[in-house]
Each structure stands twice: as structure tokens, then as C-alpha cells.
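Residue-level listing of the chains:
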Amino acid sequence: MDFANFGRVSFTRQGKVAQFADYLSEDKFMTTKCESCGRSFFPPRQDCPYCISSDIEWVKVKGPGKLLAFTTVYYGPSGFENDTPYTLGIAEFENGIKVLGRVSKNIDIKDIKIGMELKLIPVKLDNERVSYEMKP
Amino acid sequence: MKDVAIVGVGQSVFSRNCGMSIRELCFEPYKEALEGIDLSPKDIDASIICSAPEYDKQRSPAALMSEYLGLTPKPTFYVESICSSSSSGIRVAWSMIKSGLHNVIGVIGFQKMSELASREVAEVMGRGDDTMFGSPLGTSMPAGYAMYAQAHSAKYGTTEEDLARIRVKNSFYGAMNPKATYRKSLSLEEILSSEIICSPLKKFDCCANADGSSCIIVANSDKAKKITDKPIWIMGLGMGTAELNWCVRSSTTSLDSVKEAARQAYEMASLGPEDIDVAEVHDCFTISEILAYEDLGFAKPGEGVKLIKDKETYVGGRIPVNIDGGLLSKGHPIGATGGSQVRTIVKQLRGEAGEAQVEDAKVGLVHNVGGVGTYANVTILGR
């Protein structure tokens, strides 16, 4: 898949880790792990800066994670005007992997709390675009 | 260390719409910086032009500014670290003077943000995040700092009122600054009842886009003493960088980039936070000033709020901060901001700060951050 299909508005067409978007379209949330030192990364990356190695494998991010920080956006950047309000959050998963993502709009904003448990769910947007969100 | 000095400072009036071109905007602070000092433009050996790209259509603005300010055929080039650009420019100027390559350098910062609609500006700023994995989700500068605010609140109990107190202080001093965009004192109630931008940050927790420019003239020791009888010395410089992706960072309640920059600057100056008489910190949002108190060591982690509650950062307090109104009152013309902060501290150390003068200020600190804590410059200045 073209990486340009990732997210609501995309700015990048190609990448060695464009498979991230393919996995989302197959309903999987995957990231990369260095085969040499075993470190897992998010965002996914093809190259390990610790080993200066490009040998990576794709691994599933296991949940649930714990919400570390969030904000509900009422005034969004261009391309997101019709999306507001939406909540962005950072959650920590197994192996210390931290993920920035949208918190599902199915959760009442006032019920979103730091420390709450969330899972990563791939989602399909309009026009065959893919993304993911976090929900309990 | 007294080997590289600031000999001239200037800034334009910051405003929502300056009604002039970027070259004319840059002439104003240049003129002010040269006022009252013994320096002619032909003795400026090089210029460094600082702004964030994409807010105006001029590609590679350095040559245009060099031409308009009459600095050709001397070297000029562009330095960028978003909102921290002009502090990065001063860092480069220090290095070129310290190395002996040049004697006198002009650092000019500018931004004309009124060329773009506010929402377009928000789009440009959104692309200050990782455009591959962050921006496609709808991130923005206020969203980034709002997450720090939310996490700081959960960990330390920081309230929306605590955040608003920062704006109350900065608006109080902004009212005294003839070069500020907003010159009106705001009440706690006015701030708390303003519309939400990114929870918990409201309109008045956020600085505004503005047009503006700044000019800082830096010289070596021999030249500085001939140019002015009030040279202000660059005692310490520090710079740190945080991961662009917020989720990769180690903390959601403090900024490692700032802590690293502060560590370097204090070490170079052989000074500590207790030695600082007056400071300018990068209050792009109210939470940013509280994080700065803690990351610069003015307060322990989680105790930044106490400083503002006890009015310790007002004139007369333990460490006055942003007593020119800060970015919150002045407005934030990205590339000009660092130079404006340096100008305020230089005027304080020269004893020329007027109404907001801190009595006998000897050492001042400037904290200037680019992006959501991404690039951090800390500069310590002394008489």
C-alpha cells in the first residue's frame, strides 16, 4: 500500500516501513524490532541507531496499554476542521513501547483519564484511508 | 567568561499585522540596535538571518536582508531551529567570534505570520511534528503542550487556575511594554472563561502569532569595549534537542532538551539557578513557563506552581520571569522571539528596563525553545 493512505491527511508517500499501513488495512497493529539488540520501536523504523543495523522484524504490539497524557483538540490544523473535537493521547504498552494516537470518539471525553487502560485498534477512514485508535 | 559580548539590541513593535514587507520589518530592530553605540554598518563582518521557513514566500531570505541592511558583500547565511532560531543564531555568532573568524556579527531574527491565514499557520505548525507518524493524526503545537499540561496536572495536581496565574502575571507586565502586541492586563476570570483550544489550554493560555523582528549585535572583547561602555557578556550557552516524536520521549512532565541546555549553560558560566537575577522563559503556552521553572532548576519538579502562587516570579520576588510580558503578551513572531528575549535581558542588565527594572540585576538567563520542546537554547548573560 501507498503510505499516503495513512491518517486523515498524509505528507509522506513512500518509506521502507510503509508496511505499517498495509498491516493496518489487514486489521493488525504492528511495529518493528531490531533483530540484533531486540529493542522494539514506535514509530516503526527500518534502522536501529544503537546497532547501526537495518535488520528488523515486524512484531505485534500487545495491549492493553496505559494512558500517560492526552488532550482534546477543539481547534485543529488544516484538514482536520471537520474532525474536531478529537482526543490525542500517548499510551505505554508492553516492552516500554509508547504510541501516540487518537482516543476513540466512542468514549465520552469526560471519561478519559490518565492511567486508564487502552487497546490499539486499526480503523478504516473514508476513501480507503487507514489509521488506528485507542479504546478500552 | 568575558570574551564575547552583546553590544547592540533592538526589536520591532510586535503586532498582528505589521503592514510592511519582511525587509522593512528587519530594518527597524537594526536601526534600534545601532542607536547610541559607536559602530558603523561597514564594521559588521557578517550577518546571520534567522526565521522559520514557510511563513512568507521569500526563498533564502538572508541575501535579501543583507542587501537591504547594506551588509553586502560580507558573508550572510540562514539559521533555523523554528521558534528558537535567533538564539541558535546567537550561538553560531558566538562560535564565529570566539574562533577569531569574525569580530562583529549581526544576528537578525524575523517572522511575518500575517501573510498566512491563522489556520494555514496551524497547518505549517502541525508539520513541525513528524510528518510521517504525527501530523497525519492532527497534531499541533498547542496539542503537544496541552498533553504536557494534562500529565503535569495528573502527576502534581497543577490546576487550570495555576496555569491562568502565569497569564495574569505576564499580561500585567505586557501592559507596560510598548512593543507588545497585547498591552492589557487580564483577570483570572477572563483567562479561565476563554474558549478551549486543546484541553486544558484555553485561548488565553496560548500566545498569538505575530509579525516582528529582532537584532542582536555580537562582538569580541576588544571591539566591544570600543563600541559601547555597557557591553553585556555571554557567560554561558547551552543547547539541547528532544526527539521530534513526543511518544519516544522519556517524560510527559518535563523536557530533557531544556534540562540538557541548562546544564551546559550553567556549567559554562560556572553559575547555578540561584545566581540568576532575572529570566526570560519561552512561555508559548502557560504550561511552558511552569515546565521552564522546573527544568531550569528555579523550582523542584512539581513545585513550579508554588513560584507563581507566591508571586516569586514578579518584580520584587525571588526570580522575576518574563517581566516584559513574555510571548503571551508580546506575541510570538517565531524567528524574532529569541532576539527579543535577549534584548529584554540586556536592557535589564544595563539598567534600562524602565518600569519593570529589577534592581541591580547582574546576571540574566534566556530560555528559548523551538517546537514542542524540540530545540532548547539557554543563554546566560552578565554585566
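Up top is the structure these notes are about.
The text that follows walks through the structure, step by step, so that each part is easy to find. Here the residue index of a chain counts from 1 through its sequence in written order. Here the convention is simple: chains get letters from A, ligands get numbers from 1, in the order in which they are written. Where totals are concerned, whole chains, interfaces and linings use all residues; where local detail is concerned, this predicted model gives features only for residues with pLDDT of at least 70, and gives and counts side-chain atom pairs only at 80 or more.

What follows is about the overall build of chain B. In terms of regular secondary structure, chain B is built from 13 helices and 11 strands. Throughout, the radius of gyration refers to the C-alpha atoms, and the reference size of a globule is 2.2 Å times the residue count to the power 0.38. Taken over the C-alpha trace, chain B has a radius of gyration of 19 Å; the compact-globule value for 383 residues is 21 Å, and the two agree within 12%. Counting only C-alpha atoms, chain B reaches 55 × 45 × 40 Å along its principal axes. The buried share among the 383 residues of chain B stands at 63%. Once C-beta atoms have been placed from the backbone, residue pairs whose C-beta atoms lie within 7 Å are recorded as contacts. When contacts within chain B are restricted to residue pairs at least 6 apart in sequence, long-range pairs at least 24 apart make up 78% of them. Under the scheme used here, helices are H or I runs from DSSP no shorter than 4 residues and strands are E runs no shorter than 2 residues, and both carry numbers assigned from the N terminus. Think of it as a crowd count around each C-beta: if 20 or more other C-beta atoms lie within 10 Å the residue is buried, if 12 or fewer it is exposed, and in between it is partly exposed, with C-beta placed from the backbone throughout.

Helices and strands together make up the secondary structure of chain A, namely 1 helix and 8 strands. N-terminal to C-terminal, the α/β element order of chain A is α-β-β-β-β-β-β-β-β. Here the C-alpha atoms of chain A give a radius of gyration of 15 Å, agreeing with the 14 Å that 2.2 N^0.38 yields for 136 residues. When the 136 residues of chain A are sorted by exposure, 38% land in the buried category. Considering only residue pairs separated by 6 or more positions, chain A has 48% of its internal contacts joining residues 24 or more positions apart.

A word on the packing of helix 6 (residues 160–174) of chain B against helix 10 (residues 286–295) of chain B. All names here are of chain B. Structural elements are reduced to axes, namely lines fitted to C-alpha atoms, with helices fitted over the stretch in contact, and the angle between N-to-C directions of any two is expressed from 0 to 180 degrees. At their nearest, the axes of helix 6 and helix 10 sit 8 Å apart, and the two run at 95 degrees to each other. Classified by the angle between their axes, helix 6 and helix 10 sit roughly perpendicular to one another. Between helix 6 and helix 10, the contacting residues are L163, A164, I166 and R167 on the first element and T286, I287, E289 and I290 on the second. Angle categories are assigned with fixed cut-offs, so that under 35 degrees is roughly parallel, over 145 is roughly antiparallel, 65 to 115 is roughly perpendicular, and the rest are oblique.

Glancing now at helix 6 of chain B. Spacing of three or four residues puts side chains on the same side of an α-helix, whose turn is 3.6 residues. All names here are of chain B. One less than the residue count of a helix, multiplied by 1.5 Å, gives the span that helix is expected to have. When the terminal C-alpha atoms of helix 6 are compared, their 21 Å separation across 15 residues agrees well with the 21 Å that a helix rising 1.5 Å per residue should span. Counting buried positions over the 15 residues of helix 6 gives 11, a clear majority of the element. Considered for burial, the residues of helix 6 that qualify are D162, L163, A164, R165, I166, R167, K169, N170, S171, Y173 and G174. The inward-facing, buried residues of helix 6 abut helix 5 (141–156), helix 7 (188–192), helix 10, helix 11 (304–309) and helix 12 (326–330).

The subject of this paragraph is the sheet that holds strand 1 (residues 30–34) of chain A. Note: strands within a sheet are paired through backbone hydrogen bonds, in either parallel or antiparallel orientation. Residues and elements named next belong to chain A. In this description, strands pair whenever DSSP reports at least two bridges between them. If you walk across this open sheet you meet the 3 strands as 2-1-3, and the pairing is antiparallel. Of all the strands in the sheet, the pair left with one neighbour each is strand 2 (40–41) and strand 3 (56–60). Note: strand 1 against strand 2, 2 bridges, orientation antiparallel. When the bridges of strand 2 are listed, K33 appears paired with S40.

Quick look at the sheet that holds strand 3 (residues 76–79) of chain B now. All names here are of chain B. Taken in spatial order, the 9 strands make up an open sheet running 3-2-4-7-1-8-11-10-9, and their pairing is mixed. At either end of the open sheet lies a strand with only one pairing partner, and these are strand 3 and strand 9 (278–280). Going from strand to strand, the sheet's axes swing by 25 degrees on average, the running direction of each strand aside. As paired elements, strand 8 (residues 232–241) and strand 11 (residues 375–382) share 8 bridges and run antiparallel to each other. Across the sheet, the residue bridging to G236 is I380, located in strand 11. Strand contacts of helix 9 (residues 256–269): strand 8, strand 10 (363–370) and strand 11, with the helix running at about 150 degrees to strand 8, the strand carrying the most contacts.

Another aspect to go through is the interface of chain B and chain A. Size of an interface: often given as the accessible area lost when the parts come together. Taken together, the contacts link 34 residues of chain B with 33 residues of chain A. Of all elements in the fold, only helix 4 (118–126), helix 5 and strand 5 (196–198) of chain B reach the threshold of two or more residues within the side of chain B that touches chain A. The element best represented in the side of chain B that touches chain A is helix 5 of chain B, accounting for 7 residues. All residues other than Ala, Val, Leu, Ile, Met, Phe, Trp, Tyr, Cys, Pro, Asp, Glu, Lys and Arg, Gly among them, are scored as polar; the first ten of these are nonpolar and the last four charged. Within the side of chain B that touches chain A, the residues separate by chemical class into 18 nonpolar, 11 polar and 5 charged.

Residues and elements named next belong to chain B. Put simply, a nonpolar core is a cluster of buried Ala, Val, Leu, Ile, Met, Phe, Trp, Tyr and Cys residues tied together by C-beta atoms within 7 Å. Counting 158 residues, the largest nonpolar core has I6, Y145, M147, I217, V218 and L381 as the members making the most contacts within it. Top element by residues in this core is helix 5. It accounts for 8 residues. Annotation comment: domain bounds sourced from an automatic or database domain assignment. Taken domain by domain, this core gets at least three of its residues from each of domain 1 (4–117 + 210–232) and domain 2 (136–207 + 234–382). Those residues in contact with I6 that sit more than four places away from it in its chain are I216, I217, V218, I232, I234, V342, V346 and L381.

So, about the pairing of strand 1 of chain A. In terms of residue burial, strand 1 of chain A counts as a mostly covered element, since 4 of its 5 residues are buried. Linking strand 1 of chain A to strand 2 of chain A, which pair antiparallel, is a turn of 5 residues; within it G38 of chain A sits at a positive phi near 80 degrees.

Next up on the list: the packing of helix 3 (residues 85–98) of chain B against helix 13 (residues 334–350) of chain B. Residue and element names in this part refer to chain B. For the pair helix 3 and helix 13, the least separation of the axes is 5 Å and the interaxial angle reads 60 degrees. For the element pair helix 3 / helix 13, the angle class is oblique. Across the interface between the two elements, S85, S86, S87 and I90 of helix 3 pack against I334, G335, A336, T337, G338, G339 and V342 of helix 13. For the contact of helix 3 with helix 13, a count of residues per class yields 4 nonpolar, 7 polar and no charged.

What follows covers the environment of D47 of chain A. By the element assignment, D47 of chain A lies in the loop between strand 2 and strand 3. Sequence separation between D47 of chain A and K33 of chain A is 14 residues; the distance between their C-alpha atoms is 9.5 Å.

A few words on helix 4 of chain B. All names here are of chain B. Every buried residue of helix 4 is listed here: V121, A122, M125 and G126. In a view along the axis of helix 4, the buried residues occupy a sector of 140 degrees, so they form one face of it. Elements that come into contact with the buried residues of helix 4 comprise helix 5. By arc we mean the arc of the directions from the helix axis to the C-beta atoms, nothing more.

Residues and elements named next belong to chain B. When you tally the buried positions in strand 2 (residues 46–50), you get 5 out of 5 residues, the bulk of the element. Side chains A46, I48 and C50 of strand 2 all project onto a buried face; the interleaved residues S47 and I49 project onto the opposite face, where all are buried too. As defined by bridge partners, strand 2 adjoins strand 4 (residues 104–112) across 5 bridges and the pair is classed as parallel. Counterpart to I48 in the pairing with strand 4 is V107. Orient the strands so they point away from the viewer; a crossover is then right-handed if the path from the first strand over the helix to the second runs clockwise. For the crossover from strand 2 across helix 2 (residues 62–68) to strand 3, the handedness is right-handed.

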